[in-house]
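# Close look at the chain arrangement
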Amino acid sequence: MNSVHFPAGMGEHPAVVTRVAEQQWHALADDQVVGRGDVLRRPDGRIFLSIDSWHDAVFDRLADAMLADLPRPLYTVVDEADRDLTSSWERVGFTTRRREWEYLVPTDPRVTGLDAGQAPSGVTIVPAGEAEEGRLRALDRAIREEVEAIVGWQAMPAEVLPRPHGTTVLYPSKYAVAARSDRYVGLVRVAPLTRQPRIGLIAVRADQHRRGIARALLAHALGSLHRSGIETASAEVTESNEAATALFEGVGAQRTGSNLELVCR
């Protein structure tokens, strides 16, 4: 692996930046690791970077080495409240691509105003674990194609789970779907995380928008969580997605923070 010597800004001894693996770089000073850089290639093909270092100079040199070795564009995600980290990425050439709001969503129907027992006329909610897998996968593919054609899937909340090539529904049992006649028209995925369940995705076929289906799916998901004794769930919504923002804020969801996706082209 190649090594590059840089002043570390930490004393007389220079730091050495070395690519120690295909997806990892180390910065060493006096035989101590003083910084690490990692690469993650997400399922959509984009390359995301992360750097862990206490010193600005080491951060910059790790970034320089990684940027020199990797094809553009490159991405990273930061907590918007962490101004120091955001500034570090901006200093090495990254700019804001999009903002993603984090929400805390109540599950109690007395708070949300949602009735899990009601759905638009002609629509049935199929609970998680009961959807027919082949039709669920076909719905997921169709929705992804529609989103890609309109705004691009990269505009959706980031999904980072590794998956076999071409597989987008890893755990079918996490999905509830909306059915109209013999056709699946919408889906919601809830990830049962240990600390707090996360509403990972709500999506409806383009020709079924503005009919209350997304609201019915959300009502079902939150109602199920509430009956299990869970008081709140989390969700992420891209700032530009006005419909999703209105849906969540309309049921009393509270913004708890935001993440920035940065890009270096």
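Notes on the structure follow.

Reading the values: rules and limits
- Residues numbered from 1 in each chain as written.
- Predicted model: local features only at pLDDT ≥ 70, side-chain atom pairs only at ≥ 80, totals over all residues.
- Heavy atoms only, no water.
- Helix = DSSP H or I, 4+ residues; strand = E, 2+ residues; numbered from the N terminus.
- Buried < 20%, exposed > 50% of the residue type's maximum accessible area, 1.4 Å probe, protein only.
- Contact = heavy atoms within 4.5 Å.
- Pairing = 2+ DSSP bridges.
- Polar contact = N/O pair within 3.5 Å; in protein donor to acceptor, adjacent residues only side chain to side chain.
- Arc of directions from axis to C-beta.
- Phe/Tyr/Trp six-rings, centres within 6.5 Å; stacked < 30°, edge-to-face > 60°.
- Lys NZ or Arg CZ within 6 Å of the ring centre and 35° of its normal.
- Core = buried A, V, L, I, M, F, W, Y, C linked by side-chain atoms within 4.5 Å.
- Salt bridge = Lys/Arg side-chain N within 4 Å of Asp/Glu carboxyl O.

From N to C terminus, the chain includes 6 helices and 13 strands. In the chain, buried positions account for 45% of the 265 residues. Taking all contacts inside the chain whose residues are at least 6 apart in sequence as the whole, residues at least 24 apart take part in 66%.

As a further point, take the pairing of strand S13 (residues 254-264). Examined bridge by bridge, strand S6 (residues 74-79) and S13 share 6 bridges and lie antiparallel to one another. Paired with Val-77 across the bridge in S13 is Glu-261. In terms of strand pairing, strand S7 (residues 95-106) meets S13 through 9 bridges, oriented antiparallel. Within S13, the position partnered with Trp-101 by the bridge is Ser-258.

This part takes up the side chain of Gln-208. Mapped onto the elements, Gln-208 comes out in the loop between strand S11 (198-204) and helix H5 (213-227). Only 3.3 Å separates the side chain of Gln-208 from the side chain of Arg-211, close enough to count as a polar contact. Discounting chain neighbours no more than four positions away, the residues touching Gln-208 are Arg-180, Arg-183, Val-185 and Ile-213.

Here we come to the environment of Val-147. Looking at where Val-147 falls in the secondary structure, it is placed in helix H4 (residues 133-150). Classification of Val-147 by relative accessible area gives buried; the value is 15%. For the pair formed by Val-147 and Ala-206, sequence separation is 59 residues and the distance between their alpha carbons is 8.6 Å.

Right, let's talk about helix H6 (residues 242-250) for a bit. For an α-helix, the turn length of 3.6 residues means that residues three or four places apart are oriented alike. All of the buried residues in H6 are Ala-244, Thr-245, Leu-247 and Phe-248. Down the axis of H6, the smallest arc covering the buried residues is 160 degrees, so these residues share one side. Of the residues in H6, the exposed ones pointing more than 90 degrees away from the buried face are Glu-242 and Ala-243.

Moving on, we get to the packing of aromatic side chains. One pass over the structure, following the stated rule, counts 4 aromatic pairs. Geometrically, the ring pair formed by Phe-59 and Trp-89 is edge-to-face, given 5.0 Å between the ring centres and 80 degrees between the ring planes. In this pair, Phe-59 sits in helix H1 (residues 56-69) while Trp-89 sits in helix H2 (residues 83-91), placing the two residues 30 residues apart along the sequence. The same class applies to Phe-59 and to Trp-89, which are both buried. When the centroid spacing of 6.2 Å and the interplanar angle of 15 degrees are considered together, the rings of Tyr-103 and Phe-248 count as stacked. Linking Tyr-103 in strand S7 with Phe-248 in helix H6, this pair joins segments that are 145 residues apart in sequence. Clustering of aromatic rings is evident, with ring pairs tying together Phe-59, Trp-89 and Phe-94. The residue whose ring lies beneath Arg-42 is Phe-48, and the NZ or CZ to ring-centre distance is 3.6 Å. For the cation-ring pair, Arg-135 lies above Tyr-184, with the distance from its terminal atom to the ring centre recorded as 4.0 Å.

This part is about the nonpolar core. Among the nonpolar cores identified, the biggest contains 30 residues, and Val-105, Val-188, Ile-199, Ile-202, Leu-217, Leu-218 and Phe-248 are the most heavily contacted of them. Those elements that provide at least two residues to this core are S7, strand S8 (123-126), strand S9 (175-180), strand S10 (183-191), S11, H5, strand S12 (232-238) and H6. A total of 8 residues in this core trace back to one element, the largest contributor, which is H5. What Ile-202 contacts, discounting residues up to four positions off in sequence, is Leu-187, Val-188, Ala-214, Leu-217, Leu-218, Leu-247 and Phe-248.

Right, let's talk about the pattern of salt bridges for a bit. Overall, the coordinates contain 18 salt bridges when judged by the stated rule. Here Arg-61 and Asp-64 are joined by a salt bridge, their closest N and O atoms 3.3 Å apart. Pair noted here: Arg-61 and Asp-64 are both in helix H1, with a separation of 3 residues, about one helical turn. On the basis of relative accessibility, which here comes to 31%, the residue Arg-61 falls in the partly exposed class. Of the charged contacts, one joins Glu-261 and Arg-98 as a salt bridge, the two residues approaching to 3.4 Å between their closest N and O atoms.

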